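# Examination of the molecular architecture
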Amino acid sequence: MPSSRQRALSRDIILSSALDLVDEEGLSALSLRSLGKRLGVSQAAFYRHFPDKAALLEGIAEQVWRLTFEAFLGRVDDGAVGAESTPTPEASAPTDGAPASPLLMYMRAYAHCLASTLRSHPGAVMLLLTHPMSTPEQLALLARVFVTLARRGFTPNADMLGLVNAVSIYTTAFVAAEVVPPVGGSPEQPVDLSAASAALDPEDAQALRPLIEDLLDGRYDFNAQFERGLEAILRGWA
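Residues numbered from 1 in each chain as written. Predicted model: local features only at pLDDT ≥ 70, side-chain atom pairs only at ≥ 80, totals over all residues. Heavy atoms only, no water.

What follows covers the overall build of the protein chain. Looking only at helices and strands, the protein chain has 12 helices and 0 strands in total. The secondary structure elements of the protein chain, listed N-terminal to C-terminal, are α-α-α-α-α-α-α-α-α-α-α-α. Put simply, the protein chain has 238 residues, and 37% of those count as buried. Sequence-distant contacts in the protein chain: of pairs separated by 6 or more residues, those separated by 24 or more amount to 75%. (Helix = DSSP H or I, 4+ residues; strand = E, 2+ residues; numbered from the N terminus. Buried < 20%, exposed > 50% of the residue type's maximum accessible area, 1.4 Å probe, protein only. Contact = heavy atoms within 4.5 Å.)

What follows is about the packing of aromatic side chains. This structure, assessed with the given rule, holds 8 aromatic pairs. Summarising the aromatic geometry, the rings of F174 and F222 are spaced 4.8 Å apart at their centres and angled 70 degrees between planes, so their arrangement reads as edge-to-face. With a gap of 48 residues between them, F174 in helix α9 (residues 160-179) and F222 in helix α12 (residues 222-237) connect regions that are remote in the sequence. Connected via pairs of aromatic rings, a cluster forms that spans Y170, F174, F222 and F226. Geometry around F226 places R119 over its ring, the cationic atom sitting 6.0 Å from the centre. (Phe/Tyr/Trp six-rings, centres within 6.5 Å; stacked < 30°, edge-to-face > 60°. Lys NZ or Arg CZ within 6 Å of the ring centre and 35° of its normal.)

In summary, soluble globular proteins display a tendency toward joint burial of nonpolar side chains. L56 and F72 are the most contacted members of the largest nonpolar core, which totals 55 residues. Contributing elements (two or more residues each) for this core: α2 (11-25), α3 (32-39), α4 (53-77), α6 (102-120), α7 (125-130), α8 (136-151), α9 and α12. When neighbours within four sequence positions are excluded, F72 is seen to be in contact with Y106, A109, Y110, C113, V145 and L149. (Core = buried A, V, L, I, M, F, W, Y, C linked by side-chain atoms within 4.5 Å.)

What follows is about the pattern of salt bridges. Two side chains bearing opposite charge may form a pair once their charged atoms approach each other closely. A full pass over the atoms with the stated rule returns 9 salt bridges. Linking R11 and E62 is a salt bridge whose minimum nitrogen-to-oxygen distance equals 2.5 Å. In this pair, R11 is assigned in helix α2 and E62 in helix α4, connecting sequence segments 51 residues apart. For R11, a relative accessible area of 22% puts it in the partly exposed group. Salt bridges here are not isolated pairs; linked through shared partners, they connect R11, E62, R66 and E137. (Salt bridge = Lys/Arg side-chain N within 4 Å of Asp/Glu carboxyl O.)

A few words now on the confidence of the model for the protein chain. Mean pLDDT over the protein chain works out to 85, with 84% of the residues at or above the 70 mark. In the predicted structure, residues 84-96 sits below a pLDDT of 50 and forms 23 contacts with residues beyond four places in sequence or in another chain. (pLDDT = per-residue confidence, 0-100.)

Compared with the 22 Å implied by 1.5 Å per residue over 16 residues, the 23 Å span of α12 between its first and last C-alpha is a close match. Within α12 the residues assigned to the buried category are F226, E227, G229, L230, E231 and L234. Residue D221 occupies the N-cap position of α12, its side-chain oxygen lying 3.0 Å from the main-chain nitrogen of N223. (Expected span 1.5 Å × (residues − 1). Polar contact = N/O pair within 3.5 Å; in protein donor to acceptor, adjacent residues only side chain to side chain.)

With their axes 10 Å apart at the nearest point, α6 and α9 run at an angle of 30 degrees to one another. On the basis of the axis angle, α6 is roughly parallel to α9. Seen along the crossing, α6 lies across α9 with a hand that is right-handed. Contact residues: α6 offers L103, M107, Y110, A111, L114, A115, L118 and R119, while α9 offers M160, L163, V164, V167, S168, T171, T172, V175 and E178. Taken together, the residues of the contact of α6 with α9 sort by class into 12 nonpolar, 3 polar and 2 charged. (Axes fitted to C-alpha atoms, helices over the stretch in contact; angles between N-to-C directions. Parallel < 35°, antiparallel > 145°, perpendicular 65-115°, else oblique. Left-handed = near helix turned anticlockwise from the far one by under 90°. Nonpolar A, V, L, I, M, F, W, Y, C, P; charged D, E, K, R; others polar.)

Take the packing of α4 against α8 next. For the pair α4 and α8, interaxial distance at closest approach is 9 Å and the crossing angle is 10 degrees. What the angle tells us is that α4 and α8 run roughly parallel. Counting all contacts with α4, which are made through E58, A61, E62, W65, R66, F69, E70, F72, L73 and V76, the residues of α8 involved are E137, Q138, L141, L142, R144, V145, T148 and L149. The residue inventory of the contact of α4 with α8, partitioned by class, reads 10 nonpolar, 2 polar and 6 charged.

Once that is clear, we can look at a nonpolar patch on the surface. There is a patch of nonpolar side chains on the surface, built from M126, L129 and I169 and spanning about 250 Å² of accessible area. Position of L129 among the secondary structure elements: in helix α7. Here L129 falls in the partly exposed class, since its relative accessible area comes to 33%. (Patch = residues over 30% accessible without salt bridge, like charges linked within 9 Å, V, L, I, M, F, W, Y side chains within 5 Å. Areas by Shrake-Rupley, 256 points an atom, 1.4 Å probe, with all protein chains shown as cover.)

See below:
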């Protein structure tokens, strides 16, 4: 007979604890056994919800999507989309002076919510990048978003799936470059671009200088570069 603790386990409790474990110890530390130890139950207690580790990984991805979509819908409900979700007047206003479309405003807010969620859970970034949304539970979360937007008069078209994919992959990969540790571990000494550039042939260094000038001079702004790339995708798609 299952213990009271086993009976109290729910899908939400399991996924919340699994994401906490990933946050604290990394994705490599996750297993049904390590999660069971954390929750004080046997590995068999999870089989009703997650038959194996692969299913658990999909569930953690689901949890990250849930947090992202809840944040996004919170902005929509608060009327913040089109206001605080817009980084600068230059980024939000089309060149012809027309107001930004609801599609662009929603997608911009979604990208910001996804980036914020991933920065809060860096251990799950590579999971999202390598596990496209595909399970019924994950698709149900996405459907809830579009049902909510439909009630506000927004009707997506078939082409929007491509935009969602483009923005999702761009955002996840950009955050990965920011927060995921290098493969093989970080170098003992910080990367010194100035020294590396100085060691180049003068002609090569001169050719490369315009490309890495902001980095060399300490002016590179990760957030500004993210915004610039996001706007290029949104405007180009529109």
